[in-house]
Amino acid sequence: ALAPTPRISGVGSLAGRLALVAAGEGYDLVPALAAELVPAGIALRPLADAPTWELRAARPADAVPSVGFLKAIEALRAAGRRERRSPLATATPPA
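Within any chain, residue numbers begin from 1 and follow the written order of that chain's sequence. For this predicted model, a pLDDT threshold of at least 70 governs which residues receive local features, and a threshold of 80 or more governs which side-chain atom pairs are given and counted, while totals over whole chains, interfaces and linings are taken from all residues. The basis for every side-chain value is the complete set of non-hydrogen atoms in the structure, without hydrogens or water.

## Some words on the overall build of the protein
Item 1. When helices and strands are tallied, the protein shows two helices and zero strands.
Item 2. Looking at the protein residue by residue over its 95 residues, the buried ones come to 14%.
Item 3. Residue contacts follow a heavy-atom distance rule, with two residues in contact if any of their heavy atoms lie within 4.5 Å. Pairs at least 24 apart in sequence give 41% of the contacts found in the protein among residues at least 6 apart.
Item 4. When the accessible surface of the protein is summed, it comes to about 7800 Å², and 61% of that surface belongs to carbon and sulfur atoms. A run of H or I in DSSP counts as a helix once it spans at least four residues, and a run of E counts as a strand once it spans at least two, with each numbered from the N terminus. Buried means the residue's accessible area, taken with a 1.4 Å probe over protein chains only, is under 20% of the maximum for its type, while exposed means over 50%, and partly exposed covers the values in between. Computed with a 1.4 Å probe, the accessible areas rest on the Shrake-Rupley method; for each residue, only the protein chains presented here act as cover.

Right, dumping it as structure tokens:
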């Protein structure tokens, strides 16, 4: 069971934070695009009135975009379109 007051941690990696959640040591905010990385036994719940995020790509202002950069931007756009069309994935505890 979770403690009444969750502990705040400076763990930087998603995997590390999710390990703490799985151990009952707290909570974490998980971006919808990372839902597939959540291990079994951790349930994701949508937050009421959660803000949407705006993602922007950064590159040098005077640089001509490379083919790789343009492909990466298109992949991000496609992922965003998929995310808007599908409900938030929910990991379920093992039976």
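## Notes on the pattern of salt bridges
Item 1. By definition here, a salt bridge exists when the distance from a side-chain nitrogen of Lys or Arg to a carboxyl oxygen of Asp or Glu is within 4 Å. Per the counting criterion, the structure on display carries one salt bridge.
Item 2. Notably, a salt bridge pairs Arg-17 with Asp-28, separated by 2.9 Å at the nearest N-O pair. One end of the pair, Arg-17, is in helix H1 (residues 14-22); the other, Asp-28, is in the loop between H1 and helix H2 (67-85), and eleven residues separate them in sequence.
Item 3. On the basis of relative accessibility, which here comes to 24%, the residue Arg-17 falls in the partly exposed class.
Item 4. The class for Asp-28 is partly exposed, based on a relative accessible area of 27%.

## A few points about the environment of Leu-37
Item 1. As for its position among the elements, Leu-37 is in the loop between H1 and H2.
Item 2. Take Leu-37: its relative accessible area is 59%, and that puts it in the exposed class.
Item 3. Distance from Leu-37 to Leu-18, taken between C-alpha atoms, is 9.4 Å for residues 19 residues apart in sequence.
Item 4. Aside from chain neighbours lying at most four places away, what touches Leu-37 is Leu-14 and Leu-18.

## Examining H1
Item 1. Within H1, the full set of buried residues consists of Leu-14, Leu-18 and Val-21. Down the axis, H1 shows its buried residues gathered within 50 degrees of arc, on one side only.
Item 2. In the segment just after H1, Gly-24 is the residue with positive phi, at about 80 degrees. The arc refers to the directions leading from the helix axis to the C-beta atoms.

## What to know about the confidence of the model for the protein
Item 1. With 77% of its residues at a pLDDT of 70 or more, the protein shows a mean pLDDT of 76.
Item 2. Low pLDDT (under 50) marks residues 89-95, which in the prediction has 15 contacts with non-local residues, meaning those over four places away or in another chain. The predictor attaches a confidence to each residue, called pLDDT, with possible values from 0 through 100.

## Quick word on the environment of Pro-46
Item 1. Topologically, Pro-46 is positioned in the loop between H1 and H2.
Item 2. Exposure remark for Pro-46: the relative accessible area of 63% places this residue in the exposed category.
Item 3. Separated by 14 residues in sequence, Pro-46 and Ala-32 have C-alpha atoms that sit 9.1 Å apart.

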